[in-house]
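# Breakdown of the fold
Here's the letter readout for the chains.
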Amino acid sequence: MMEDRNITKMDVEFYLLNREYNELSSDELAIVNEHVESEQEFNEMKAVVMGAGNFFKEEKELAPNPAIKVALLKEFDKQQPARAYWLNGIFVSLFPKEKRLFQKPGMQLIGLAASVLLIVTIAFNGNTDINNSTLAQNNGFKTEEEAVEERGKLGREEFAEEKNLQENDLEPTTEVLEKELEVATLNEVEIEEKSETVENKGTTIDFMYDAQPIESVEADLSIAADVDYRRNDNNLNASEESFKKGVLKDKEKVAISDDKLVISATTPATTEVVEEFSMSDDEGYFSDDVSAGAIVTGNNSIDLPVNSRSLAEDSDLIGILYTAM
Amino acid sequence: MQLVKKSYTAETDENLMREVIKGDNLAFSEIYDRWSKPMLNYFYKMLWQDREKAEDFMQEIFTKIIHKPQLYNPSRAFKTWIYSVANNMCKNEYRRAEVRKGTSNSLHDNIIVHDSSAPDKEHDKNIFNDRLKEELELLSENHKKTFILRFKHDLSIKDIAEILETSEGTVKSRIFYTLKKLGKNLKEFSPIAKTIMVGMCLIELAQYII
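Residues numbered from 1 in each chain as written. Chains lettered and ligands numbered in written order. Predicted model: local features only at pLDDT ≥ 70, side-chain atom pairs only at ≥ 80, totals over all residues.

## Some words on the overall build of chain A
- Helix and strand content of chain A: 13 helices and 5 strands.
- The buried share of chain A, reckoned over its 325 residues, is 22%.
- Put simply, 65% of the contacts in chain A that link residues at least 6 apart link residues at least 24 apart. (Helix = DSSP H or I, 4+ residues; strand = E, 2+ residues; numbered from the N terminus. Buried ≥ 20, exposed ≤ 12 C-beta atoms within 10 Å, placed from the backbone. Contact = placed C-beta atoms within 7 Å.)

Following this line, the structure appears as structure tokens:
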């Protein structure tokens, strides 16, 4: 009921603004008469509504003093620097001028952060996992004892084979040659380890396969060695011939260490000498064999011809190399 | 100029207030330009037509916006919010005036001066307007507020109800009551009001014909 009454009041306001009393329809008049006692009252109210509207329209509005806006904008700007001062306060407290550089809290914090960063970097980047596939692994590594034992075994087998060949006057089989190469490989490893102690090192030619390409390796080879190779090529052929006959005059070795391919020629040695060393002492045998290009007998050093070939020049050598591998 | 300065003239009050909260002084300037005049005139009407007091109150309401912009809820219409803040400021001033009335003899004279003896000649150019102004001052605060918001600031019944924190029915009732009371008190000026109305209609008609 109250809601309806309010609506009709709104309607009365509408009629006051838009209708004359005598223009009202019967329905509108019924609504108006519910709240307005008479036509006179209606007109009085209408006069007030119209007059008030006119009054407020005509009324000169006050304009604010411009100084108020200036003052308010200054006040507003004061709020913004407050934030800047706050940040400035942090900076000043972190980097006070009166303290030394390393005593400033900001610098200490930076140092601390850098330390943490460094530790984290090391901790997470330090690869301690041995099974990590990215690590280089030397699975074929053998202990010194194992290597010595294997060398001895191979040496004895070789000696037995050679002896057998001598007795039977037979040519060495592929198997024998392979074993020979294996012995040579092991010997070459020994050479590498003890190369600093060897007097005449110039005759040993190393190819650094991993370190540089084959072309550069060839370039690195000493010209003298190359010339020696050509000069002694005939000797090599002769030594191969004699080897086949059971007399080891010139021993050519192809050795592969972890990262090096070593081709070298050792001094001619008779089977008898080998036999003597291998039977008496494996170490002695190999240590003598290491002295490539020279046999040290007491204080006298005897230069011997050295035969060496590069892989590029002799395709047979590559085949032998793979066989050895 | 548009490239250098962001224009806020097309922005709504609510968006401007969002910028004010972020610290944009241009947005604040725009808000001030829009609402300083209505606020000043509202306070002037509500606070005994005291211009100095009205300016003080207008400055105070914008200072509140500067210091506590977060008090404004952007989901609410800015117009109703600022009027409700102004209304509350007026209420507080009425209470203080009541206290002063009990302790000071000069306060009553001051009010009387504003009510009747010093009509603003600049604003009231005829007797009807003077009387209407006087009658408005004699109204109760609630009726006066409602009437001014309705007929001077052209606010809807809904907005007025929100500003005054009351129901729409109460607002309608107050408007009707005020009209009835003013009509009775100004009935001797009824012909004048009619003349004004007729005169305005004639002027509009003449303008239309020309």
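## A short note on the overall build of chain B
- Looking only at helices and strands, chain B features 10 helices and 0 strands.
- Each helix and strand of chain B, placed in order from N terminus to C terminus, yields the pattern α-α-α-α-α-α-α-α-α-α.
- Across the 210 residues of chain B, 33% fall into the buried class.
- Here the analysis covers contacts within chain B between residues at least 6 apart in sequence; of these, 52% occur between residues at least 24 apart.

## Looking at the packing of helix α7 (residues 141–151) of chain B against helix α9 (residues 168–185) of chain B
Residue and element names in this part refer to chain B.
- Put simply, α7 and α9 touch, their axes get as near as 9 Å, and they point 95° apart. One way to sum up the angle between α7 and α9 is to call them roughly perpendicular. Counted together, N142, H143, T146, F147 and R150 of α7 and V171, R174, I175, Y177 and T178 of α9 form the full contact between these two elements.
- Considered class by class, the residues forming the contact of α7 with α9 number 4 nonpolar, 4 polar and 2 charged. (Axes fitted to C-alpha atoms, helices over the stretch in contact; angles between N-to-C directions. Parallel < 35°, antiparallel > 145°, perpendicular 65-115°, else oblique. Nonpolar A, V, L, I, M, F, W, Y, C, P; charged D, E, K, R; others polar.)

## Remarks on helix α1 (residues 13–22) of chain B
Residues and elements named next belong to chain B.
- Buried within α1 we find D13, L16, M17 and V20. Within α1, the buried residues cover an arc of 100° as seen down the axis, which keeps them to one side.
- Within two residues after α1, G23 carries a phi angle of roughly 105°, on the positive side. (Arc of directions from axis to C-beta.)

## Some details on the interface of chain A and chain B
- Each partner contributes to the interface: chain A provides 38 residues, whereas chain B provides 42 residues.
- Among the elements of the structure, α1 (2–18), α3 (39–58) and α4 (66–94) of chain A are those that each provide at least two residues to the side of chain A that touches chain B.
- In terms of residue count, α3 of chain A provides more of the side of chain A that touches chain B than any other element does, 14 residues in total.
- Class assignment of the residues belonging to the side of chain A that touches chain B gives a composition of 18 nonpolar, 9 polar and 11 charged.

## Examining unusual backbone geometry
Residue and element names in this part refer to chain B.
- Phi is positive for W48, which is not a glycine, with a value near 60°.
- Along the chain, W48 falls in the loop between α2 (25–46) and α3 (51–67).
- Despite not being glycine, E165 shows a phi value in the positive range, around 55°.
- Along the chain, the position of E165 falls in the loop between α8 (157–163) and α9.

## Focus on α2 of chain B
- Over its 22 residues, α2 of chain B runs 29 Å from end to end, which matches the ideal 32 Å to within 8%, given 1.5 Å per residue.
- Positive backbone phi, at 60°, marks W48 of chain B, one or two positions downstream of α2 of chain B. (Expected span 1.5 Å × (residues − 1).)

## What to know about the packing of α2 of chain B against α3 of chain B
All names here are of chain B.
- One can describe the packing of α2 onto α3 by two numbers: an axis separation of 8 Å at closest approach and a directional angle of 140°. On the basis of the axis angle, α2 is oblique to α3. For the pair α2 and α3, the crossing hand works out as right-handed. Packed against α2, whose contacting residues are Y32, S36, M39, L40, F43 and Y44, the element α3 presents R51, A54, E55, F57, M58, I61 and F62 at the interface.
- When grouped by side-chain class, the residues that make up the contact of α2 with α3 number 10 nonpolar, 1 polar and 2 charged. (Left-handed = near helix turned anticlockwise from the far one by under 90°.)

## Quick notes on the confidence of the model for chain A
Residue and element names in this part refer to chain A.
- With 43% of its residues at a pLDDT of at least 70, chain A reaches an overall mean of 66.
- Highest mean pLDDT in chain A belongs to helix α5 (residues 105–125) (89); lowest belongs to helix α11 (residues 271–280) (42).
- pLDDT under 50 marks residues 1–7. Its contacts with residues more than four places away, or in other chains, come to 5 contacts.
- When the criterion is pLDDT under 50, residues 198–212 qualifies, and its contacts beyond four places in sequence or with other chains add up to 35 contacts. (pLDDT = per-residue confidence, 0-100.)

## Describing the confidence of the model for chain B
All names here are of chain B.
- A residue-level look at chain B finds 75% of positions with pLDDT of 70 or above and a mean pLDDT of 79.
- Mean pLDDT in chain B bottoms out at helix α5 (residues 106–117), which sits at 43, and peaks at α3, which reaches 92.
- Predicted confidence is poor over residues 105–125, with pLDDT under 50, and the contacts of this stretch with residues over four places away or in other chains come to 24 contacts.

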